[in-house]
Amino acid sequence: MTKRSRPKTPRAVAEGQAPYGTPTPLRFIDLFCGIGGFRIAFENIGARCVFSSDWDKYSRLTYAANFGETPHGDIHTVAVADIPAHDILCGGFPCQPFSLAGVSKKNSLGRKHGFDDEKQGNLFFSIADIIDYHKPAAFVLENVKNLKSHDKGRTFQVIYDTLTRALGYQVHTKIIDARNVVPQHRERIFLVGFREPRYFEFPEFPKTEPKLASILERDVPSKYTLTDNLWAYLQAYAKKHQDAGNGFGFGMVTGDSTTRTLSARYHKDGSEILVSQGPRKNPRRLTPRECARLMGYPDTFKINVSDTQAYRQFGNSVVVPVVQKIATAVLSTLKCPIGHTPELTLAEDPTCFPAPKRKNKKNTPPTFPHA
Ligand SMILES: C[S@@+](CC[C@H](N)C(=O)[O-])C[C@H]1O[C@@H](n2cnc3c(N)ncnc32)[C@H](O)[C@@H]1O
């Protein structure tokens with residue numbers, strides 16, 4: 001006879017929880033979700049998405065095609081109380097106000113940037129408001145590497161102080177380069193926070209570097225080969241900058257390479273990643289499917305928008321296997337009792353963080369990083 005589980009309470013049903021007696025998957029929310037890089041990673045480790053938001057029309061189309069739901073729109077129009085309860089908040093909040101490209105472009109236009117950017121700069125505070133209201137057990141935030149140095153470090157300081165001092169979370173940060181999981185040099189900063197004092201370590205990545213050949217398609221349509229005009233322009237542009245002593249130029253790659261960072265503007269001229277087709281043929285751009293692979297998306301991921309939109313979407317995304325490794329580490333941390341330290345792990349409890357292998361063999365007392 002099968003054991004009957006207790007029925008869900010109306011509130012539990014509303015929050016999408018499993019009934020008593022069944023293991024409850026961790027619930028996460030996908031803020032600034034783009035095309036769902038965080039979602040794939042967290043669903044792959046068994047967590048369940050209970051809310052998503054992105055205001056971009058075309059990203060919402062891609063998200064709907066792949067996850068069967070259209071994200072909520074502008075986060076400013078969502079009441080914090082209408083967001084379901086969740087265990088983990090995920091968000092790759094928009095890079096532009098903080099990225100080098102965004103900053104220099106905005107400076108040259110005489111516009112403000114960072115927290116002074118009225119429209120975009122306060123998006124971090126939307127995240128802070130949601131954390132403050134829902135108090136999730138953990139959060140995982142992602143941003144461009146130069147978030148740390150923006151405005152002489154002041155922007156990061158405000159973010160860090162808000163998360164730690166104002167909201168009371170323990171925050172761990174790390175810049176991770178995706179080149180050990182995909183053939184792309186892509187450095188991003190991750191901020192992982194816990195409501196309670198919990199032991200956490202960022203995951204280790206393999207030392208090997210996959211090569212571009214592993215993600216290239218076989219029969220690439222000729223439309224991806226650069227026209228003579230564009231190729232001549234890019235070469236002249238690179239030469240001009242070389243002569244002036246700076247390094248701007250195109251990034252030519254072969255099957256043996258690691259690419260530069262795929263950007264949201266790749267659709268413009270493809271200059272940061274040009275695939276060599278030998279001396280007699282102009283180079284080509286990556287196809288959208290190759291960009292998907294370069295970001296660690298599975299081949300089952302549906303691309304149902306124009307090439308321009310697809311390039312933009314993948315260039316803005318996270319590298320899925322990087323997030324998945326972090327998600328796995330967050331899950332391990334949340335499974336362990338509060339206050340757990342690896343040194344206290346019982347041999348028969350394989351779900352908790354094992355004692356890390358330390359180079360220093362001396363008996364060091366257990367610590368909570370960044371506590
Ligand atoms: C860096 S991308 C995040 C991409 C995402 N992590 C992924 O894997 O595809 C930032 C996203 O924030 C969205 N965004 C910007 N302002 C927004 C707002 N006010 N409300 C909702 N989404 C917004 C943009 O449309 C963009 O898709």
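For the structure itself, consult the block above.
Residues numbered from 1 in each chain as written. Predicted model: local features only at pLDDT ≥ 70, side-chain atom pairs only at ≥ 80, totals over all residues.

Student: How would you summarise the sheet that holds strand 5 (residues 170-177) if you had to cite specific residues and measurements?
Tutor: Spatially, 2-1-3-4-6-5 is the arrangement adopted by the six strands of the open sheet, whose pairing is mixed. Lying at the two open borders of the sheet, with one neighbouring strand each, are strand 2 (48-53) and strand 5. In this sheet, adjacent strand axes meet at a mean angle of 20° when their direction is disregarded. Two strands pair when backbone bridges link them, and strand 3 (residues 88-91) and strand 4 (residues 138-144) are joined in this way by four bridges, in the parallel orientation. Note on strand 4: the bridge partner recorded for C90 is V140. In this fold helix 5 (residues 123-134) packs onto strand 1 (27-31), strand 3 and strand 4, with an angle of close to 175° to the strand it touches most, strand 3. (Pairing = 2+ DSSP bridges. Helix = DSSP H or I, 4+ residues; strand = E, 2+ residues; numbered from the N terminus. Axes fitted to C-alpha atoms, helices over the stretch in contact; angles between N-to-C directions. Contact = placed C-beta atoms within 7 Å.)

Student: Can you tell me about the nonpolar core, naming the residues and giving the values?
Tutor: Buried together is how nonpolar side chains tend to be arranged in soluble globular proteins. One finds I88, C90, C291 and M295 to be the most contacted residues of the largest nonpolar core, which totals 71 residues. No other element matches helix 11 (residues 320-335), which puts seven residues into this core. Residues from two domains meet in this core; each of domain 1 (25-208 + 318-344) and domain 2 (212-315) gives at least three. Those residues in contact with M295 that lie beyond four places of it in its chain are G37, V182, F314, S317, V319 and V320. (Core = buried A, V, L, I, M, F, W, Y, C linked by C-beta atoms within 7 Å. Buried ≥ 20, exposed ≤ 12 C-beta atoms within 10 Å, placed from the backbone. Domains from an automatic or database assignment.)

Student: Describe in detail the site of the ligand, supporting the description with residues and values.
Tutor: F32, G34, G37, D56 and G92 are the nearest of the 21 residues found near the ligand. Looking at the shell around the ligand residue by residue, the class counts come to ten nonpolar, eight polar and three charged. (Near = placed C-beta within 6 Å. Nonpolar A, V, L, I, M, F, W, Y, C, P; charged D, E, K, R; others polar.)

Student: Break down helix 5 for me, citing the residues and quoting the values.
Tutor: Counted at 1.5 Å a residue, the expected span for helix 5 with its twelve residues is 16 Å, and the 17 Å between its end C-alpha atoms agrees. If you check which residues of helix 5 are buried, you get F124, I127, I130 and I131. Here the buried residues of helix 5 occupy an arc of 120° about the axis, which is enough to place them on one side. Next to the buried residues of helix 5 lie strand 1, strand 3, strand 4 and helix 6 (154-166). The positive-phi residue at the C-terminal boundary of helix 5 is K135, with phi of around 45°. (Expected span 1.5 Å × (residues − 1). Arc of directions from axis to C-beta.)

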